[in-house]
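Observations on chain architecture
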2 protein chains.
Amino acid sequence: MATAPTTSSASLRADSARVRERMLAAARERVAAGDLELPMNAIAKDAGVGVGTMYRHFPTRRTLLETLAGESFEMLVAQAKAATDGAEGLTDLFRLALQRLLTDPSLAAVLASPTFECAETVALSQELSGAFMQLLDKAKKAGTIRPDVTGDDLRRLMCGLQYAVRSGNDDNKAAERYLDILMKGLRP
Amino acid sequence: MATAPTTSSASLRADSARVRERMLAAARERVAAGDLELPMNAIAKDAGVGVGTMYRHFPTRRTLLETLAGESFEMLVAQAKAATDGAEGLTDLFRLALQRLLTDPSLAAVLASPTFECAETVALSQELSGAFMQLLDKAKKAGTIRPDVTGDDLRRLMCGLQYAVRSGNDDNKAAERYLDILMKGLRP
DNA sequence: ACCTGAACACCGTTCAAGT
DNA sequence: ACCTGAACACCGTTCAAGT
């Protein structure tokens, strides 16, 4: 690169960030190719770093997975916050979420687990949960959703919906139908 | 053992069957302990056989998995065939299936894939599919199920239901509620 | 026929040595 | 501070050698 380092620590930090990005890019490439196994050794090799560097940045595979899913998760949270009220708003949100879960397997894997490892993921999950609860609250008052459904139920049902769609070999053609079944089932 | 072999080939076959059972027992022990990874080397060691023997009996891990799930699958098929007509019969069947899927992760894994490796599993899946279609047919005629649902949809929705239940940490307390949501969603 | 287990490649994880 | 990569343990899979 043409830029000279200003101080050695800044240079270190910049280098560290660059190295981190290389690892994430290598990992993302694998996920995009449909491989969710995330072998640390192989990714390190792809990224041109030592294995130890992988472990320094991502102490567990789960940490790496949550980091990979972070961006998708943020977009999902943004969509949940922007969702319009009413049963239709919830349906639209679920459709968007389903699309995202189907395109990003790392997000699907992260969202399906009840606990998270990274503080950032915990925060995102709480934001999502909050958005869900607001929507639920209004929908329940409007009488469009059965009253025994919780915010966490919505997360789990979304994951189940995604799994049902994925369990077929019809190129996700069933998605809209299953979404419809779920939303009808959620009515009071 | 005290029994003497009658012919050498019979003895071989009997030994082969015994060895096979030992491997399956070792594998089952792991699944029961919550480990679905099925490492061939380790299972062979547990069973006291050479690795090659594992591969001779179960050419792929998937073959081993389907064999493990076989018994549960058979029981599920039997229940599906014995199910009573009407929406309530279908609900009861789904409840039983859900219980089975939650107790036997190998069955859950096998049923979630659209294609099977063992001929025996293919046969079981067709039997299940047949039973589902019969139930669906009657339910549709009675007007208790929406007409756009297929037998394969039932398989996939069952898998999704199981996944949604598993995605929480409430000891499957949500099972009955999610079942209710699904069955309501299936109404016309 | 069927079984054994050595052999090789690969991945997980740690940690002493480098800059 | 951060990175490297050797080292060891373990698993996947094959195949020549045994009975």
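Please read all numbers here as calculations on a predicted model, not as lab measurements.

Describing the relation of the copies chain B and chain A
Here chain B sits on chain A after a turn of 180 degrees about the axis and a move of 0.0 Å along it, with an RMSD of 0.0 Å. What the rotation and shift describe, once combined, is the action of a two-fold rotation axis.

Remarks on the protein's contact with DNA strand D
As a structural note, the neighbourhood of DNA strand D is formed by 17 residues, with Gly 50 and Thr 53 of chain A together with Met 40, Asn 41 and Arg 61 of chain B the closest of them. A distance of 3.1 Å is found between a base oxygen of DNA strand D and a backbone nitrogen or oxygen belonging to Gly 52 of chain A. In the model, a phosphate oxygen of DNA strand D is placed 2.6 Å from a nitrogen or oxygen of the Thr 53 of chain A side chain. For the surface near DNA strand D, the elements supplying multiple residues, two or more each, are helix H1 (8–32) and helix H3 (51–57) of chain A together with helix H2 (40–47) and helix H3 (51–57) of chain B. In terms of residue class, the surface near DNA strand D is built from seven nonpolar, eight polar and two charged.

Notes on the nonpolar core
With 122 residues, the main nonpolar core has Leu 64, Phe 94 and Leu 186 of chain A together with Leu 64, Phe 94 and Leu 186 of chain B as its most contacted residues. The residues contacting Leu 186 of chain B, other than those within four sequence positions of it, are Ile 181 of chain A together with Thr 144, Ile 145, Arg 146, Val 149, Leu 154 and Leu 157 of chain B.

Examining the interface of chain B and chain A
Counting residues at the interface gives 30 residues for chain B and 30 residues for chain A. Across the chain B to chain A interface the summed buried area is about 2400 Å²; carbon plus sulfur atoms make up 54%. It is Arg 156, Tyr 163 and Ile 181 of chain B that lose the most area in chain B upon contact with chain A, and together they represent 28% of the buried surface on that side. Our count for the chain B to chain A interface comes out at six salt bridges. Two residues, Asp 170 of chain B and Arg 156 of chain A, come together in a salt bridge whose shortest N-O distance is 3.0 Å. The tally of links between chain B and chain A comes to 20 residue pairs in polar contact (both at pLDDT 80 or more). Sorting the residues of the side of chain B that touches chain A by element identifies helix H8 (151–166) and helix H9 (175–185) of chain B as the ones contributing at least two each. For the side of chain B that touches chain A, the element with the highest residue contribution is H8 of chain B, accounting for ten residues. A per-class count over the side of chain B that touches chain A returns 13 nonpolar, eight polar and nine charged.

Thresholds applied
- Residues numbered from 1 in each chain as written.
- Chains lettered and ligands numbered in written order.
- Predicted model: local features only at pLDDT ≥ 70, side-chain atom pairs only at ≥ 80, totals over all residues.
- Heavy atoms only, no water.
- Least-squares fit on C-alpha atoms with pLDDT ≥ 70 in both.
- Near = heavy atom within 4 Å.
- Polar contact = N/O pair within 3.5 Å; in protein donor to acceptor, adjacent residues only side chain to side chain.
- Helix = DSSP H or I, 4+ residues; strand = E, 2+ residues; numbered from the N terminus.
- Nonpolar A, V, L, I, M, F, W, Y, C, P; charged D, E, K, R; others polar.
- Core = buried A, V, L, I, M, F, W, Y, C linked by side-chain atoms within 4.5 Å.
- Buried < 20%, exposed > 50% of the residue type's maximum accessible area, 1.4 Å probe, protein only.
- Contact = heavy atoms within 4.5 Å.
- Buried area = accessible area lost by both parts, 1.4 Å probe.
- Salt bridge = Lys/Arg side-chain N within 4 Å of Asp/Glu carboxyl O.

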